[in-house]
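Working through the structure, step by step
Chain by chain, the residues run as shown.
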Amino acid sequence: SDAVPLACSQTVNFVHHLMFITLLPLAILVLLWVAFLCEYSYQRRAIQANRGRRRGDKARKFNELRSKYFSYMFYLSYLTLPSVSTTIFQMFPCTNIDPHDENGSGPQLFLTADMSISCTSDYYYHGVAYAVVFIVVYPIGIPCLYAYLLYTYRDFIRLREDPERLAALG
């Protein structure tokens, strides 16, 4: 039997690509959260079983793991933000394939990123609505999260140069 390429067996267009690109990092984030919970649960049980444990061991382990998984989250967001944002904004530009109205039917607008999608169709408008939601999540949300975290930890960031004062803060 002849092999059929995957592209021929399913119709994948730009809106599908947009959905995949925007949802994949969120799915990875959920997996990181599950991994954090599993690792903390395992570490907590190990600390509980240790007869020589000290007061605060669980809190120290929690903070250590939290820091580790926050680092993973920051790497993920840093690596995905540019490409995901670019893909989101590709949902908006349309190209008029009949600029001189030779057909007599008015402008014929198609999505520049995927000329199979008419910019006058409901499907296009649904894709635009989806893109607008994810503009709030990625190009607006992630930089706002970074700004919030930088503002929140601004004193610790400033004090990195003065280890004695940083130690005094705890």
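**Remarks on the packing of aromatic side chains**
- Within the structure shown, the criterion is met by 13 aromatic pairs.
- Taken together, the ring pairs connect Trp33, Phe36, Tyr40, Phe62, Tyr69 and Tyr72 into an aromatic cluster.
- Residue placement shows Arg154 over the ring face of Tyr151; its charged tip is 4.0 Å from the ring centre.

**Some words on the confidence of the model for the chain**
- Summary statistics for the chain give a mean pLDDT of 90 and a share of 90% for residues scoring 70 or more.
- Least confident of the elements in the chain is helix H1 (residues 6-9), whose mean pLDDT is 54; most confident is helix H4 (residues 122-152), at 97.

**What about the environment of Pro93?**
- When you line up the elements, Pro93 lands in the loop between helix H3 (57-89) and strand E1 (94-96).
- When the C-alpha positions of Pro93 and Leu109 are compared, they lie 9.5 Å apart, and in sequence the two are 16 residues distant.
- Once residues lying within four places of it in the same chain are set aside, the contact partners of Pro93 are Phe110, Leu111 and Thr112.

**Thoughts on the state of the cysteines**
- Going through the model one piece at a time under the given rule, you end up with one disulfide.
- A sulfur-sulfur separation of 1.9 Å characterises the disulfide bridge that pairs Cys94 with Cys119. One disulfide, between Cys94 and Cys119, carries an S-S torsion of -95 degrees and so falls in the left-handed class. Residue Cys94 is found in strand E1, and its partner Cys119 is found in the loop between strand E2 (109-111) and H4; the two are separated by 25 residues along the sequence.
- We classify Cys119 as buried; its relative accessible area is 5%.

**Brief notes about the packing of helix H2 (residues 14-49) against H4**
- With their axes 10 Å apart at the nearest point, H2 and H4 run at an angle of 25 degrees to one another. As far as their axial angle goes, H4 and H2 are roughly parallel. Of the two possible hands of crossing, H2 and H4 adopt the one that is left-handed. Each of Val15, His16, Leu18, Met19, Thr22, Leu23, Pro25 and Leu26 in H2 lies in contact with H4, whose residues at this interface are Tyr123, Gly127, Tyr130, Ala131, Phe134 and Tyr138.
- Among the residues making up the contact of H2 with H4, the classes are represented as eleven nonpolar, three polar and no charged.

Parameters at a glance
- Residues numbered from 1 in each chain as written.
- Predicted model: local features only at pLDDT ≥ 70, side-chain atom pairs only at ≥ 80, totals over all residues.
- Heavy atoms only, no water.
- Phe/Tyr/Trp six-rings, centres within 6.5 Å; stacked < 30°, edge-to-face > 60°.
- Lys NZ or Arg CZ within 6 Å of the ring centre and 35° of its normal.
- pLDDT = per-residue confidence, 0-100.
- Helix = DSSP H or I, 4+ residues; strand = E, 2+ residues; numbered from the N terminus.
- Contact = heavy atoms within 4.5 Å.
- Disulfide = S-S within 2.5 Å.
- Buried < 20%, exposed > 50% of the residue type's maximum accessible area, 1.4 Å probe, protein only.
- Axes fitted to C-alpha atoms, helices over the stretch in contact; angles between N-to-C directions.
- Parallel < 35°, antiparallel > 145°, perpendicular 65-115°, else oblique.
- Left-handed = near helix turned anticlockwise from the far one by under 90°.
- Nonpolar A, V, L, I, M, F, W, Y, C, P; charged D, E, K, R; others polar.

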